Amino acid sequence: MGAADVEAVWRIESARIVAALTRFTGDFALAEDAAQEAVAQALVSWPLVPPTNPAGWLMATARRRAIDEIRRRTALQDRHALLAAGSAVDEEVDPDKIDDDVLALMFISCHPVLSPEARVALTLRVVGGLSSEEIARAFLVSVPTVQARITRGKKTIAAAGVPFELPPADERRQRLGGVLSVLYVIFTEGSTATSGDRLLRPDLAYEAIRLARTLVALQPDEPEVHGLLALCELTAARFPARTGPDGSPILLEDQDRRRWDFSAIRRGLAALVKASTRGLGHYGLQAAIAAAHATAPSVEETDWDRIVVLYEALGRVAPSPVVELNRAVAVAMASGPAQALVIVDELIASDRLPGSHLVPTVRGELLARLGRRPEARAELELAARLCANQRERSVLLRKAAALG
């Protein structure tokens with residue numbers, strides 16, 4: 001067994017292992033460190049002596065590492081005695097079992113005491129099983145930056161005395177939005193990278209989908225969990241057609257819809273049905289918009305009127321300038337660019353998206369459709385200057401140049 005096998009087992013089992021160790025040691029940081037040390041040992045040992053039960057091997061090795069560390073902490077000798085006497089950590093890992101430990105781990109990783117950056121890094125590390133290098137590569141930051149976020153996050157959790165337990169039902173519902181928002185941030189960065197030379201970071205997006213599926217299994221009665229999964233599935237379904245062979249972006253109207261992932265669309269639509277049981281929330285409404293695109297034969301045959309109504313509903317549930325900007329795009333398709341330009345100009349007047357390349361991008365498109373070519377070109381050139389993603393910037397410059 002090589003490094004790829006270790007990585008595969010770790011990606012699947014890491015959350016259960018860290019969760020079980022945290023429950024029995026009572027120390028989140030110790031559990032995560034011990035699990036990482038077990039992976040490092042596996043990289044050396046498995047090629048020489050492949051284990052018959054890889055998940056059990058990782059659990060047992062991580063347990064021993066945790067006990068060794070507890071032995072060095074004289075103040076924790078009572079806890080060591082409990083572990084040494086044999087505890088449930090010795091149980092074999094059931095690869096088909098998803099229990100409340102993993103859900104508790106998600107809530108700890110997304111705890112409100114942490115900064116948003118630390119929540120994302122910890123969730124990807126301890127729940128998703130990604131390495132610091134993978135997280136750094138995905139978000140285009142340095143490895144030391146990621147490691148610092150993880151270390152600070154673990155220290156913050158310890159200092160705040162966050163217990164390893166599921167929050168009470170009422171508090172869980174209140175904090176579920178925080179967990180969903182972390183997964184949403186991870187998926188969004190994967191589906192349209194903020195910066196760098198790639199439009200998509202599919203590995204990151206698919207990791208968010210995997211985590212969303214886990215959350216659905218753990219919280220099957222929460223509609224918004226299904227809503228987020230539906231949104232991710234329906235958006236990711238278009239990935240195969242969103243870039244050309246060289247990685248250059250392909251606009252929606254130019255995409256070969258035959259290349260869309262129709263299995264993902266079916267999964268997304270099924271999740272959307274479950275999200276609709278008690279009325280659509282923030283993520284469910286976004287999923288419904290994605291569904292309107294995913295089921296349309298072409299841009300021209302898309303139900304833009306329905307999309308406008310959905311954006312209006314989303315603006316009431318979760319108002320934001322980005323929602324208003326997207327509503328403007330839908331209004332332009334349903335009723336023409338003049339009405340949409342009024343919405344965009346109101347956003348500019350209120351300065352609700354300062355420094356964003358999205359506003360001049362949309363305004364430039366609308367001005368071009370209205371025949372105001374010099375103004376349109378200036379807006380698109382401004383958008384290119386503000387855009388940090390090299391692929392998106394090249395598209396904007398190409399459009400600006402076409403306007404003469």
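Residues numbered from 1 in each chain as written. Predicted model: local features only at pLDDT ≥ 70, side-chain atom pairs only at ≥ 80, totals over all residues. Heavy atoms only, no water.

By the naming in an unreviewed UniProt entry, the protein is Sigma-70 family RNA polymerase sigma factor, taken from Microbispora bryophytorum subsp. camponoti. Quoted verbatim from the Sequence similarities (unreviewed entry) heading of the UniProt record, the comment on the protein is "Belongs to the sigma-70 factor family. ECF subfamily." (UniProt positions renumbered as here; feature names shortened; annotations may be inferred.)

Let us now look at the overall build of the protein. Within the protein one finds 20 helices and zero strands. Referenced to the eigenvectors of the C-alpha coordinate spread, the extents of the protein come out at roughly 80 × 40 × 40 Å. Residues counted as buried form 51% of the 404 residues belonging to the protein. Expressed as a percentage of contacts within the protein between residues at least 6 apart in sequence, the contacts between residues at least 24 apart total 66%. Charge-centre separation for the protein: the mean point of 48 positive side chains lies 3 Å from the mean point of 51 negative side chains. (Helix = DSSP H or I, 4+ residues; strand = E, 2+ residues; numbered from the N terminus. Buried < 20%, exposed > 50% of the residue type's maximum accessible area, 1.4 Å probe, protein only. Contact = heavy atoms within 4.5 Å. Lys, Arg positive; Asp, Glu negative; His and termini not counted. Charge placed at Lys NZ, Arg CZ, Asp CG, Glu CD.)

Further remarks concern helix α7 (residues 132-139). When α7 is considered as a whole, its buried residues turn out to be Ser132, Glu134, Ile135, Ala136 and Ala138. In this structure, the buried side of α7 is in contact with α1 (3-25), α6 (116-127), α8 (143-159), α9 (169-191) and α10 (202-218). Looking one or two residues beyond α7, the residue adopting positive phi is Leu140, at roughly 55°.

Counted according to the given criterion, the structure contains four aromatic pairs. Between Trp46 and Trp57, the ring centres sit 5.5 Å apart and the planes meet at 80°, which makes this aromatic pair edge-to-face. Residue Trp46 is located in the loop between α2 (28-45) and α3 (54-72), and its partner Trp57 is located in helix α3; the two are separated by 11 residues in the primary sequence. Look at Trp46 and you get buried, because its relative accessible area is 0%. Residues Tyr184 and Tyr283 carry aromatic rings whose centres are separated by 5.4 Å and whose planes lie at 55° to one another, so their mutual orientation is tilted. Taken together, the residues Tyr184 in helix α9 and Tyr283 in helix α14 (residues 282-294) connect sequence positions 99 residues apart. The class for Tyr184 is partly exposed, based on a relative accessible area of 24%. Members of the aromatic cluster, joined through ring pairs, are Phe187, Tyr206 and Phe239. (Phe/Tyr/Trp six-rings, centres within 6.5 Å; stacked < 30°, edge-to-face > 60°.)

The subject of this paragraph is the packing of α1 against α3. Running from amino to carboxyl end, α1 crosses α3 at an angle of 35°, the nearest separation of the two axes being 10 Å. Once α1 is placed against α3, the crossing between them reads as right-handed. Counted together, Val9, Trp10, Glu13, Arg16, Ile17, Ala20, Leu21 and Thr25 of α1 and Pro54, Ala55, Leu58, Met59, Ala62, Arg63, Ala66 and Ile70 of α3 form the full contact between these two elements. Looking at the contact of α1 with α3 residue by residue, the classes come out as 12 nonpolar, one polar and three charged. (Axes fitted to C-alpha atoms, helices over the stretch in contact; angles between N-to-C directions. Left-handed = near helix turned anticlockwise from the far one by under 90°. Nonpolar A, V, L, I, M, F, W, Y, C, P; charged D, E, K, R; others polar.)

The next subject is the UniProt feature "domain: RNA polymerase sigma factor 70 region 4 type" (unreviewed entry) in the protein. UniProt annotation of "domain: RNA polymerase sigma factor 70 region 4 type" (unreviewed entry) refers to residues 107-156 when read in the numbering used here. The span residues 107-156 shows a helical share of 74% and a strand share of 0%, and its end C-alpha atoms are spaced 14 Å apart.

Moving on, we get to the pattern of salt bridges. This structure, assessed with the given rule, holds 21 salt bridges. Among the ionic pairs, Glu207 bridges to Arg11, the shortest N-O distance being 3.8 Å. Separated by 196 residues along the polypeptide, Glu207 in helix α10 and Arg11 in helix α1 bring together distant segments of the chain. According to the relative accessible area criterion, Glu207 is buried, its value standing at 5%. Accessibility expressed as a relative area gives 18% for Arg11, which makes it buried. (Salt bridge = Lys/Arg side-chain N within 4 Å of Asp/Glu carboxyl O.)

Among the polar contacts listed, one links the side chain of Glu207 to the side chain of Arg210, at a separation of 2.8 Å. Ignoring anything within four residues of it in the chain, the contact list for Glu207 reads Arg11, Leu124, Gly128 and Leu130. (Polar contact = N/O pair within 3.5 Å; in protein donor to acceptor, adjacent residues only side chain to side chain.)

Look at α1 against α2: their axes get within 9 Å of each other, and the N-to-C directions meet at 150°. When the axis of α1 is compared with that of α2, the two are roughly antiparallel. α2 is crossed by α1, and the crossing has right-handed handedness. Only Phe28, Leu30, Ala31, Glu32, Ala35, Gln36, Val39, Ala42 and Leu43 of α2 make contact with α1, whose side of the interface consists of Ala3, Val6, Trp10, Ile17, Val18, Leu21, Thr22 and Thr25. Classifying every residue of the contact of α1 with α2 by side-chain character gives 13 nonpolar, three polar and one charged. (Parallel < 35°, antiparallel > 145°, perpendicular 65-115°, else oblique.)

Taken together, the side chains of Glu253, Asp254, Glu300 and Glu301 define an acidic patch exposed on the protein surface. One can find Glu300 in the loop between α14 and α15 (304-317). Relative accessible area serves as the criterion here: at 67%, Glu300 is assigned to the exposed category. (Patch = residues over 30% accessible without salt bridge, like charges linked within 9 Å, V, L, I, M, F, W, Y side chains within 5 Å. Areas by Shrake-Rupley, 256 points an atom, 1.4 Å probe, with all protein chains shown as cover.)

Negative phi is the rule for most residues except glycine; trans is the rule for most peptide bonds. The phi angle at Asp351 is positive, at roughly 50°, despite the residue not being glycine. For Asp351, the location among the structural elements is in the loop between α17 (337-349) and α18 (358-369). Residue Asp351 is classed as exposed on the basis of its relative accessible area of 53%.

With that settled, the discussion passes to the nonpolar core. Of all hydrophobic cores here, the largest spans 121 residues; its most connected members are Leu58, Leu105, Ile186, Phe187 and Leu215. In contact with Phe187, other than residues within four places in its own chain, are Ala205, Ala208, Ile209, Cys232, Thr235, Ala236 and Phe239. (Core = buried A, V, L, I, M, F, W, Y, C linked by side-chain atoms within 4.5 Å.)

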